[in-house]
Amino acid sequence: MLGWLVVALILVAMSIGRAADRDESIMTAQVSSAEHEAEEGYFSLGPNATVLAKPGSELYRFLARQNGHKIRLTVTAIDGRELSRLER
C-alpha cells in the first residue's frame, strides 16, 4: 500500500512539473543589436530569438540599455479571458 502511495505521489509531482513547463519559458541570452537595427527596434536575444520593440516604448528603452549584456527573459501564458487595455 505504501509503495503505491509513493508511486502516485511521484506521478502527481511529475504532472505538476509538466504543466508548469507548458505555461512558461525562461531563457538567458545576450542582447545584441547593430545601430541601424536598434533604430528600427530589432534586438537579437542569443542565436534563438529576435525581438521587435516599438521605438520609444518601455521595452525598447530596456533592450537598448541592455545591448551587449546578458538578460533573463520569462514568457508566461495567461488566461485568455483577461481584457486588453490600450494605454496612451
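Nothing here was measured: the structure is a model prediction, and the numbers come from that model.

1. Some thoughts on the side chain of serine 33
You can see serine 33 is positioned in the loop between strand 1 (24–32) and helix 2 (35–40). Leave out the neighbours within four places in its chain, and serine 33 touches Ala38, Tyr42, Phe43 and Asn67.

2. Overview of the environment of alanine 77
Note on placement: alanine 77 falls in the segment after strand 4 (70–76). As for alanine 77 and serine 25, which are separated by 52 residues in sequence, their C-alpha atoms are 8.9 Å apart.

3. Details of the packing of aromatic side chains
What the rule picks out here adds up to 1 aromatic pair. On the basis of an interplanar angle of 65 degrees and a centroid distance of 5.7 Å, the ring pair of phenylalanine 43 and tyrosine 60 is categorised as edge-to-face. Here phenylalanine 43, found in strand 2 (residues 42–45), pairs with tyrosine 60, found in helix 3 (residues 58–65); they are 17 residues apart in sequence, far enough to count as distant. By the burial criterion, phenylalanine 43 is buried, and tyrosine 60 matches it.

4. Structural notes on the environment of glycine 46
Checked against the element boundaries, glycine 46 lands in the loop between strand 2 and strand 3 (49–52). C-alpha of glycine 46 to C-alpha of serine 32: the two residues are 14 residues apart in sequence and 7.6 Å apart in space. In contact with glycine 46, other than residues within four places in its own chain, are Ala29 and Gln30.

5. Points about the sheet that holds strand 2
Ordered in space as 3-2-1-4, the 4 strands form an open sheet in which the pairing is antiparallel. Taken across any chain shown, the strands that pair with only one partner, and hence form the sheet edges, are strand 3 and strand 4. Pairwise comparison of adjacent strand axes, ignoring direction, gives a mean angle of 40 degrees for this sheet. Bridge count for strand 2 against strand 3 is 4 bridges, and the pairing is antiparallel. In the sheet register, phenylalanine 43 faces strand 3, and the bridge partner there is valine 51. Seen against the sheet, helix 3 touches strand 1, strand 2, strand 3 and strand 4 and runs at an angle of roughly 55 degrees to strand 2.

6. Some remarks on the pairing of strand 2
Because side chains alternate across strand 2, one face comprises the buried residues Phe43 and Leu45, and the other comprises Tyr42 and Ser44, none of which is buried. Inspection of the sheet shows strand 1 paired to strand 2 by 2 bridges, in the antiparallel sense. Across the sheet, the residue bridging to serine 32 is serine 44, located in strand 2. Counted between consecutive antiparallel strands, the loop separating strand 2 from strand 3 contains 3 residues, among which glycine 46 sits at a positive phi close to 65 degrees.

Cut-offs used in this document
Residues numbered from 1 in each chain as written. Predicted model: local features only at pLDDT ≥ 70, side-chain atom pairs only at ≥ 80, totals over all residues. Heavy atoms only, no water. Helix = DSSP H or I, 4+ residues; strand = E, 2+ residues; numbered from the N terminus. Contact = heavy atoms within 4.5 Å. Phe/Tyr/Trp six-rings, centres within 6.5 Å; stacked < 30°, edge-to-face > 60°. Buried < 20%, exposed > 50% of the residue type's maximum accessible area, 1.4 Å probe, protein only. Pairing = 2+ DSSP bridges. Axes fitted to C-alpha atoms, helices over the stretch in contact; angles between N-to-C directions.

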